[in-house]
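# Descriptive analysis of the structure
Take a look at the letters that make up each chain.
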Amino acid sequence: MGNAKHKISAKGKRQFRASELLELHPPKNKIVKSGISVDETWQSRGYTSMNGCVAALSVDTDNVVDIEIMSSYCPTCRKISKMPRSIWSEAFTADHVVTGILRDSISVKDTYGKDSVTKYECIGHVKKRVGARLRKLKSKNKNVPGKGKLADYFIDRLQNYYGIVVRSNAGNLTGLQQNVIPALFHCSSSVKKPMHAQCPIGKDSWCYYQRALTCGKKPK
């Protein structure tokens, strides 16, 4: 009974938070146009779990507006796959609708009308991909790891600066392309051999070296 009360309470909170969006963005034709961040988590690591949870967070309020527990395994689908083909099995299959845990942007972009849903990549996920691929490269090449080479701390630093570059150039593809390579040199520089010539200048630069020069200070 306690669990039931908890579920009702959680559902009520989500309904309240969803109603906040109605005030911020009055619906048009029963559709609310607002930014939503959607993320999922699996029951276990390693992309081997068949069960997961999808949460939708409002960009405006930072609140969770909906949660859905989903699964990529369906016992009914398994049962259907073993059925001999017949009129009854075809009808049963047609009536059975399965909702998978993952849907790409192409399959949902027309949910509320043509091109009504626009997907933006998560910068955090893109940043992690850089680190993941560098670690994969390191594991496959024995000559890459080691001191002065592709060490773990360097991968972490490089992916963090890559994320900074992407965030500071959101919506500016040319600026992003121009700053990706400087970020590599920035991470590779040292006190004895600074390599910040290509880094953006100014007091708002993500490069500490260029910020110091702009403020008339000696870079550390």
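As recorded by an unreviewed UniProt entry, the chain carries the name Mutator-like transposase domain-containing protein and is attributed to Trichonephila clavipes.

### Details of the sheet that holds strand S1 (residues 36-42)
Within the open sheet, the three strands sit side by side as S1-S2-S3. Their pairing is antiparallel. Both edges of this open sheet fall to S1 and strand S3 (64-71), since each of them pairs with a single strand only. Strand after strand, the sheet turns through a mean of 20° between neighbouring axes, direction not considered. Direction of pairing for S1 relative to strand S2 (residues 51-58): antiparallel, over a ladder of seven bridges. Directly across from glutamate 40, in S2, lies its bridge partner valine 54.

### Brief notes about the nonpolar core
Among the nonpolar cores identified, the biggest contains twelve residues, and these are Leu134, Leu150, Phe154, Ile155, Leu158, Tyr161, Val165, Ala183, Cys187, Cys199, Trp206 and Cys207. Setting aside chain neighbours within four positions, we find leucine 134 in contact with Leu150, Ile155 and Leu158.

### Focus on the pairing of S2
Across seven bridges, S2 lies against S3 in antiparallel orientation. Across the sheet, the residue bridging to alanine 56 is aspartate 66, located in S3. Linking two consecutive strands that pair antiparallel, namely S2 and S3, is a turn of five residues; a positive phi of about 65° is found at aspartate 62 within it.

### A short note on the side chain of asparagine 169
Relative to the helices and strands, asparagine 169 is located in the loop between helix H6 (152-168) and helix H7 (173-188). Within the structure, the side chain of asparagine 169 is placed 3.2 Å from the side chain of serine 168, a separation counted as a polar contact. Contacts of asparagine 169, omitting those with residues within four sequence positions, involve Gly175, Leu176 and Asn179.

Reading the values: rules and limits
Per chain, residue numbering runs from 1 following the sequence as it is written. Only residues with pLDDT of at least 70 are given local features in this predicted model, and only at 80 or more are side-chain atom pairs given and counted; all residues enter the totals for whole chains, interfaces and linings. Heavy atoms throughout the structure, all of them, feed into the side-chain values; hydrogens and water do not. Note on pairing: two strands pair once DSSP finds at least 2 bridges between them. Strands are runs of DSSP state E lasting at least two residues, helices are runs of H or I lasting at least four, and both sets are numbered from the N terminus onward. Where helices are involved, their axes are fitted lines through C-alpha atoms of the stretch in contact, as for all axes, and angles between N-to-C directions lie from 0 to 180°. For the purposes of this section, nonpolar cores are sets of buried Ala, Val, Leu, Ile, Met, Phe, Trp, Tyr and Cys residues that join through side-chain atoms within 4.5 Å. Burial classes follow relative accessibility: with a 1.4 Å probe on protein chains only, a residue under 20% of its type's maximum area counts as buried, one over 50% as exposed, and anything between as partly exposed. When checking whether two residues touch, look at their non-hydrogen atoms; a contact exists if any pair is within 4.5 Å. Think of a polar contact as two N or O atoms within 3.5 Å of one another; within protein, one of them needs to be a possible hydrogen donor and the other a possible acceptor, and neighboring residues in sequence only count if both atoms come from side chains.

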